[in-house]
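Notes for the structure review
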Amino acid sequence: MDLSYRMRLLIVVLSIGVLAGGGLLFKQLLLPDSFGDYGPYRADAITEAALVPIRHGTNTSCFKCHSHEAKIHKKGRHQTISCEFCHGTYADHAKDGKKIGTLPVKKEKEITTLCLRCHNTEIKARHEEVIKTVAMPNHLKDQNVKLTHNCNQCHQVHAPLKYIIRAKQITGLMEAGS
Amino acid sequence: MMDRRSFVKKVLNGTIAGSLFLVWPMGGNSIETPEEIPGIKGKEYDIHHQEFAFIVDVTRCIGCGSCCVADKREYNVPDGNYRTWVERYVKGFSDKIYVDSPHGGLDGYQHARTDIDEEIRDTFFVPKLCNMCKEAPCVQVCPVGATFISPDGFVLVDEKRCVGCAYCIQACPYSVRFLNPVTKVAEKCTWCYHRIRKGLLPACVEVCPTGARKFGSMKDETSEVYKILKGPGVLTVLKKEMGTFPALYYKGARREVI
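Per-chain numbering applies: the sequence of each chain, read as written, is numbered from 1 onward. The naming scheme follows written order: chains are lettered A onward, ligands numbered 1 onward. Totals for whole chains, interfaces and linings use all residues, but because this is a predicted model, local features are given only for residues with pLDDT of at least 70 and pairs of side-chain atoms are given and counted only at 80 or more. No hydrogens and no water enter the side-chain calculation; it runs on all heavy atoms of the structure.

**So, the overall build of chain A**
For the record, the criterion: A run of H or I in DSSP becomes a helix once it reaches four residues, and a run of E becomes a strand once it reaches two; helices and strands are each numbered from the N terminus. Each radius of gyration is computed over the set of C-alpha atoms, and the globule rule expresses the reference value as 2.2 Å times the number of residues to the power 0.38. When accessible area is computed with a 1.4 Å probe and restricted to protein chains, residues below 20% of their type maximum are described as buried, those above 50% as exposed, and intermediate ones as partly exposed. The criterion used for residue contact is that any of the two residues' heavy atoms lie within 4.5 Å. Where accessible areas are quoted, they stem from the Shrake-Rupley method and a 1.4 Å probe; at the residue level, only the protein chains shown are allowed to cover. Neither His nor the chain ends is counted toward charge; the positive residues are Lys and Arg and the negative residues Asp and Glu. Lysine's charge is taken at NZ, arginine's at CZ, aspartate's at CG and glutamate's at CD.
Across its full length, chain A carries eight helices and two strands. Rg of the C-alpha trace for chain A: 34 Å, well past the compact-globule value of 16 Å for 178 residues, more than 25% over. Projecting the C-alpha coordinates of chain A onto the three principal axes gives extents of approximately 130 × 40 × 30 Å. By residue count, 30% of the 178 residues in chain A fall in the buried class. Of all intrachain contacts in chain A linking residues separated by at least 6 positions in sequence, the fraction that spans at least 24 positions is 38%. Of the roughly 12600 Å² that chain A leaves accessible, carbon and sulfur atoms contribute 62%. The distance from the centre of the 25 positive side-chain charges to the centre of the 16 negative ones in chain A is 6 Å.

Quick look at the structure:
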């Protein structure tokens with residue numbers, strides 16, 4: 001009577017121990033390594049998210065080699081524009097300071113399309129204090145140039161007012177002198 | 001009394017100085033765009049003591065779509081899906097709102113809308129991205145613990161744990177999530193977490209030409225976002241009544257923006 005009671009107690013305690021141990025073992029096998037380090041998720045996922053390859057550099061990284069363009073770009077009104085928006089990503093062009101590929105250069109009508117992404121008056125949300133806009137082809141007519149002209153035929157794309165200011169200075173001086 | 005020699009010298013000096021003054025480039029009202037987040041590069045990243053904020057200045061957005069292009073390039077996002085996009089809001093005189101976002105603003109906005117009959121009162125662009133909610137509905141609903149809020153406040157997706165059930169896509173009030181057709185798992189904007197960990201700005205902030213997107217650390221009292229958030233200006237969050245407590249703030253967003 002007494003023995004069987006103790007036996008039964010032992011069986012109950014043992015089975016609880018086996019179940020708990022088995023459960024813990026099962027959990028250990030099923031849960032990924034870093035699960036629960038910070039919360040109910042895999043902490044390694046944060047490290048993995050931080051290891052995604054960087055594809056965009058900064059303007060400074062472009063200027064390290066392209067010093068001529070840097071000089072013009074930094075002085076002009078387009079200084080806030082990222083090189084990579086027009087030219088393509090740093091990762092496609094250079095790796096560890098060495099050139100690995102050529103970025104496509106925008107040509108003719110592509111340039112005008114690119115300029116008008118920002119500078120088109122037709123879109124009314126562009127405020128004067130933020131950006132200078134033009135209406136096409138009225139701008140070409142006003143400036144007395146052919147309607148087939150592309151933006152870059154008058155504007156230096158890196159510093160859009162570079163030639164314009166210079167031309168005004170020269171003509172202004174000539175007008176004053178004559 | 002001035003002799004001839006000194007007179008000629010003075011005149012020439014004046015002329016040269018004057019002409020130099022004309023040629024010297026004028027430093028216009030340019031916006032200084034920092035290229036890095038100070039205090040991260042070269043230091044050990046303390047994941048428990050970080051707080052970041054993102055501010056979108058609606059009044060400065062010109063809808064060029066360079067942020068969308070940069071985002072697509074940074075992650076090779078499949079066509080038709082957008083981690084970030086730019087919406088165009090057009091408000092008519094009858095107070096009716098027309099919203100469109102062709103290709104998520106990826107090709108920019110080249111033309112005005114032609115399908116609106118009434119006179120237009122106002123038009124503006126609203127860039128959208130992950131709100132990085134402190135009480136994120138997407139995290140609450142994930143059945144496998146694949147979406148979580150990291151100790152530094154980022155809502156991230158564990159690609160290896162995600163089973164692609166798309167529950168989070170339904171739960172997100174801001175519709176920033178999508179099912180990647182290539183990897184078949186949920187994907188979303190991470191504010192370029194990999195760039196931030198290396199001290200770089202998110203790609204969209206990096207390329208924004210007008211400074212409409214601002215990003216910075218709230219632990220850094222000299223950062224622009226800290227000054228704006230602690231300053232007197234009015235900032236709003238999207239869908240405040242949802243109680244999600246976003247870390248993405250909008251400056252100059254009108255009531256109609258949802």
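Now that the structure has been shown, the text picks up again.
**Here we look at the sheet that holds strand E1 (residues 52-57) of chain B**
Residue and element names in this part refer to chain B. To keep it simple, the criterion reads: Here, strands pair whenever DSSP counts at least two bridges between them.
Strand order in the open sheet made by the four strands is E9-E1-E11-E10, with mixed pairing throughout. Two strands close off the open sheet at either side, each with one partner strand: strand E9 (213-217) and strand E10 (235-236). The pairing of E1 with E9 spans five bridges and is antiparallel. Following the sheet pairing, Val56 is matched in E9 by Arg213.

**Structural notes on the domain arrangement of chain A**
In plain terms, the rule: How far each domain reaches was decided by an automatic or database domain assignment.
When its domains are assigned, chain A resolves into domain 1 (2-50), domain 2 (55-105) and domain 3 (106-178). Look at where the C-alpha atoms of domain 1 of chain A and domain 2 of chain A centre, and you get two points 54 Å apart.

**Quick word on the interface of chain A and chain B**
For the record, the criterion: In this description, buried area is defined as the sum, over both parts, of the accessible area (probe of 1.4 Å) that is lost when the two are combined. Pairs of N or O atoms within 3.5 Å make up the polar contacts considered here, provided that, within protein, one atom can donate a hydrogen while the other can accept it, and that residues adjacent in sequence are counted only when both atoms are side-chain atoms. Classification convention: Asp, Glu, Lys, Arg as charged; Ala, Val, Leu, Ile, Met, Phe, Trp, Tyr, Cys, Pro as nonpolar; all other residues, Gly among them, as polar.
With 45 residues of chain A at the contact, the number on the chain B side is 56 residues. Together chain A and chain B conceal approximately 4200 Å² of surface at their shared face, both sides included; 57% is due to carbon and sulfur atoms. Our enumeration of links across chain A and chain B arrives at 17 residue pairs in polar contact (both at pLDDT 80 or more). If one sorts the elements of the side of chain A that touches chain B by residue count, helix H2 (residues 44-50) of chain A sits on top with five residues. Of the residues contributing to the side of chain A that touches chain B, the split by class is 21 nonpolar, 14 polar and ten charged.

**Quick look at the pairing of E1 of chain B**
Every other side chain in a regular strand lies on the same face of the sheet, so the side chains alternate between the two faces. Residues and elements named next belong to chain B. E1 sits mainly inside the fold: six of its six residues count as buried. A two-sided burial pattern is seen for E1, the buried positions comprising Phe52, Phe54 and Val56 on one face and Ala53, Ile55 and Asp57 on the other. Pairing analysis gives four bridges linking E1 to strand E11 (residues 248-251), with the strands arranged parallel. Looking at E11, one finds that Ile55 is bridged to Tyr249.

**Comments concerning the environment of Lys184 of chain B**
Residues and elements named next belong to chain B. Tracing the sequence through the fold places Lys184 in the loop between strand E7 (178-179) and strand E8 (186-187). The exposed category is assigned to Lys184, whose relative accessible area is 56%. C-alpha separation for the pair Lys184 and Val163, spaced 21 residues apart in sequence, amounts to 8.2 Å. A polar contact is formed between the side chain of Lys184 and the backbone oxygen of Pro181, at a distance of 3.2 Å.

**Considering the environment of His93 of chain A**
All names here are of chain A. Structurally, His93 can be placed in the loop between helix H5 (83-87) and strand E1 (94-95). Note: C-alpha distance between His93 and Arg55 (38 residues apart in sequence) is 9.9 Å. With sequence-adjacent residues up to four places away left out, His93 is seen in contact with His66, Lys98, Lys99, Ile100, Gly101, Thr102 and Leu103.

**Focus: the pairing of E11 of chain B**
Residues and elements named next belong to chain B. Residue alternation in E11 divides its side chains into a buried set, Leu248 and Tyr250, and an unburied set, Tyr249 and Lys251. Relative to E11, E10 runs antiparallel, the two being bridged by two bridges. Paired with Leu235 across the two strands is Lys251, which belongs to E11.

**Re unusual backbone geometry**
Glycine aside, residues mostly have negative phi, and peptide bonds are mostly found in the trans state. Residue and element names in this part refer to chain A. Going from Met136 to Pro137, the amide bond is cis rather than trans, its omega being 0 degrees. By the element assignment, Pro137 lies in the loop between helix H6 (109-119) and helix H7 (138-142). If you check the backbone angles, Glu108 has positive phi at about 40 degrees while not being a glycine. Its location among the elements puts Glu108 in the loop between strand E2 (98-99) and H6.

**Looking at the pattern of salt bridges**
Residues and elements named next belong to chain B. Spelled out, the test is: Salt bridges, as used here, are contacts in which a Lys or Arg side-chain nitrogen is within 4 Å of a carboxyl oxygen on Asp or Glu.
Within the structure shown, the criterion is met by 17 salt bridges over all chains. Glu36 serves as the salt-bridge partner of Lys41, at 3.2 Å between the closest nitrogen and oxygen. Note on Glu36: relative accessible area 36%, which makes it partly exposed. As a salt-bridge pair, Lys214 and Glu224 come within 3.4 Å of each other at their nearest N and O atoms. In this pair, Lys214 sits in strand E9 while Glu224 sits in helix H7 (residues 224-230), placing the two residues ten residues apart along the sequence. Lys214 gets classed as buried once you look at its relative accessible area, which sits at 10%.

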